[in-house]
Amino acid sequence: MASEPRILVTGASGFIGARLVSWLTGRGRSVRGAVRTARAGDALRRVASEVVVVGDIGHNTEWSHALNGIDTVIHLAGRAHVIRDRSTDPLAEFREVNVRGTLRLAEQAASNVRRFVYLSSIGVHGTRTADAPFSGSSPVAPTESYAISKYEAEQALWSVAGSNKLEVVVVRPPLVYGPNCPGNFRRLLRLADSGIPLPFASIRNARSFIYVDNLVSALEMCAEQSRARGRTYLVDDGLAVSTPDLVRALAALLRRKTVLFPCPVPILSLIGRATGQSAAMSRLTDSLQIDGSAIRTELGWRPVCPMSEGLKQTVHWYRTLTVWPSASDRYDG
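Residues numbered from 1 in each chain as written. Predicted model: local features only at pLDDT ≥ 70, side-chain atom pairs only at ≥ 80, totals over all residues. Heavy atoms only, no water.

A. Inspection of the environment of Cys222 at higher detail. Among the structural elements, Cys222 can be located in helix 7 (residues 212-224). In the structure, Cys222 is positioned 25 residues away from Val247 in sequence and 32 Å away in space, judged by C-alpha atoms. Filtering out sequence-adjacent residues up to four positions away, Cys222 remains in contact with Arg115, Val117, Val169, Val171, Ala228, Tyr233, Ile295 and Leu299. (Helix = DSSP H or I, 4+ residues; strand = E, 2+ residues; numbered from the N terminus. Contact = heavy atoms within 4.5 Å.)

B. Geometry of the packing of aromatic side chains. A full pass over the atoms with the stated rule returns five aromatic pairs. Plain terms: the ring middles of Tyr177 and Phe185 are 5.0 Å apart, the flat faces sit at 20° to each other, and that makes the pair stacked. Both residues of the pair, Tyr177 and Phe185, belong to the buried class. Ring plane angle 45° and centroid distance 5.4 Å describe the contact between Tyr177 and Tyr211, whose orientation is recorded as tilted. Highlighted residues: Tyr177 in strand 7 (residues 175-177) and Tyr211 in strand 8 (residues 209-211), separated in sequence by 34 residues. Since its relative accessible area comes to 4%, Tyr211 is described here as buried. What links up through ring pairs into an aromatic cluster is the set Tyr177, Phe185, Phe209 and Tyr211. Of note, Arg27 hangs over the ring of Trp23, and the distance from its end group to the ring centre comes to 3.5 Å. One residue, Arg79, lies across the ring of Phe94, its end atom 4.5 Å from the ring centre. (Phe/Tyr/Trp six-rings, centres within 6.5 Å; stacked < 30°, edge-to-face > 60°. Buried < 20%, exposed > 50% of the residue type's maximum accessible area, 1.4 Å probe, protein only. Lys NZ or Arg CZ within 6 Å of the ring centre and 35° of its normal.)

C. The sheet that holds strand 9 (residues 232-234), seen in detail. Spatial ordering of the open sheet is given by 3-2-1-4-5-6-9, a layout of seven strands whose pairing is parallel. In this open sheet, the two edge strands, each paired with only one partner strand, are strand 3 (50-53) and strand 9. Direction aside, the axes of adjacent strands within the sheet are offset by 20° on average. Relative to strand 9, strand 6 (residues 167-172) runs parallel, the two sharing three bridges. When the sheet's bridge partners are listed, Val170 is paired in strand 9 with Thr232. Strands in contact with helix 4 (residues 90-109) are strand 1 (7-10), strand 4 (72-75) and strand 5 (115-119); relative to strand 5, the strand with the most contacts, it is inclined by about 165°. The strands touched by helix 7 within the sheet are strand 4, strand 5, strand 6 and strand 9, with strand 5 carrying the most contacts at an inclination of about 155°. (Pairing = 2+ DSSP bridges. Axes fitted to C-alpha atoms, helices over the stretch in contact; angles between N-to-C directions.)

D. Seen up close, unusual backbone geometry. Phi is positive for Asn180, which is not a glycine, with a value near 75°. Structurally, Asn180 is set in the loop between strand 7 and helix 6 (183-194). When its relative accessible area of 3% is taken as the criterion, Asn180 is described as buried. In this structure, Arg255 takes a positive phi of about 60° despite not being glycine.

E. Region of the structure containing the nonpolar core. With 65 residues, the main nonpolar core has Val9, Ile16, Ile74, Phe185, Leu215, Leu219 and Leu250 as its most contacted residues. Apart from the residues within four sequence positions on either side, Leu215 is in contact with Ile16, Leu119, Val171, Pro173, Val176, Ile210 and Val235. Grouped together as the second largest cluster of nonpolar side chains are 26 residues, Val54, Val97, Ala106 and Leu157 included. (Core = buried A, V, L, I, M, F, W, Y, C linked by side-chain atoms within 4.5 Å.)

F. Here's a closer look at the pattern of salt bridges. A complete count under the given rule lists 20 salt bridges for this structure. A salt bridge links Arg128 to Asp286; the nearest nitrogen and oxygen atoms lie 3.7 Å apart. Pair noted here: Arg128 is in the loop between strand 5 and helix 5 (145-162) and Asp286 is in the loop between helix 10 (278-285) and helix 11 (293-299), with a separation of 158 residues, a long-range link. Given the relative accessible area of 54%, Arg128 is considered exposed. Of the charged contacts, one joins Arg231 and Glu298 as a salt bridge, the two residues approaching to 2.6 Å between their closest N and O atoms. Here Arg231, found in the loop between helix 7 and strand 9, pairs with Glu298, found in helix 11; they are 67 residues apart in sequence, far enough to count as distant. Each of Asp71, Arg114, Arg115, Glu167 and Arg229 takes part in a single network of salt bridges with overlapping partners. (Salt bridge = Lys/Arg side-chain N within 4 Å of Asp/Glu carboxyl O.)

G. Region of the structure containing the pairing of strand 1. Of the two faces of strand 1, the one holding Ile7 and Val9 and the one holding Leu8 and Thr10 are both buried throughout. By the bridge criterion, four bridges tie strand 1 to strand 2 (residues 31-35) in an arrangement that is parallel. If you follow Val9 over to strand 2, its bridge partner there is Gly33. Regarding topology, helix 1 (residues 15-26) serves as the crossover connection from strand 1 to the parallel strand 2, and that connection is right-handed. In this structure, strand 1 lies alongside strand 4, joined through four bridges in parallel fashion. Counted as the bridge partner of Leu8 is Val73 from strand 4. (Right-handed = clockwise from strand over helix to strand, strands pointing away.)

The structure is reproduced here in structure tokens:
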């Protein structure tokens, strides 16, 4: 392994970041992990070549010590979905971290970093698909504050790349699952594990997901392949599943009896609005499919793990209550 880190991974203590650091170091790459707090870096030191603490991310974050000697940046850190956001201006909070923080990093990286890989979100295209899956040519239509900030960050990166030699690559994944997954997928696991009857039998949707190992392998390829320069890629497991089928699969792996009963989707939507959970209900009932053929055709990328095995590994973690690395409600790393 090289003595000086050449890859900087931001958000390195988060769900995706910690797996990416482990993945890259396992392949002989020398990796520097950037984290927000010293505590977040403690467990990461077991796998990263080096760990640096950068503090809160925003328009005045100092990145020079983290960027010294770095050839490639894979930027994962950011303000993620907040389940109970008490901010008086959530979009402003997202913009400070995800847009201004990303721009600050890119501007400081532009003088000596070759490539900048940015983890964005499929949400920049919207929250649901109707007649066709999202592809790289689909219109951009972010509706949630998080997705708006992700798209604005992409635009900021292209602006920096246009006036420098920085090679930017953007990756837009759907919901990511795997051991230690936070958020929506963990809540779905809890539902499948509860054994309570669920009103999902009438749902006829199709949703794309990506297993964390598949995502980090795509990020690695985007960091290394010359043909990825200047491209935006949508990535997924290659298999879209319905909510009831996914719940049944998870319940079977959890060895739980599945009881799904029919309830018209408009009624479920009404329940979501009445309980203030419209967005969460929409994620259960709407379709969101991805056409990830571009990265397969252009870079030769293929998922390293089939969805069936990814679900099995996720359930195994869930049943053994694995808790490292910890994930933050507010930041990924």
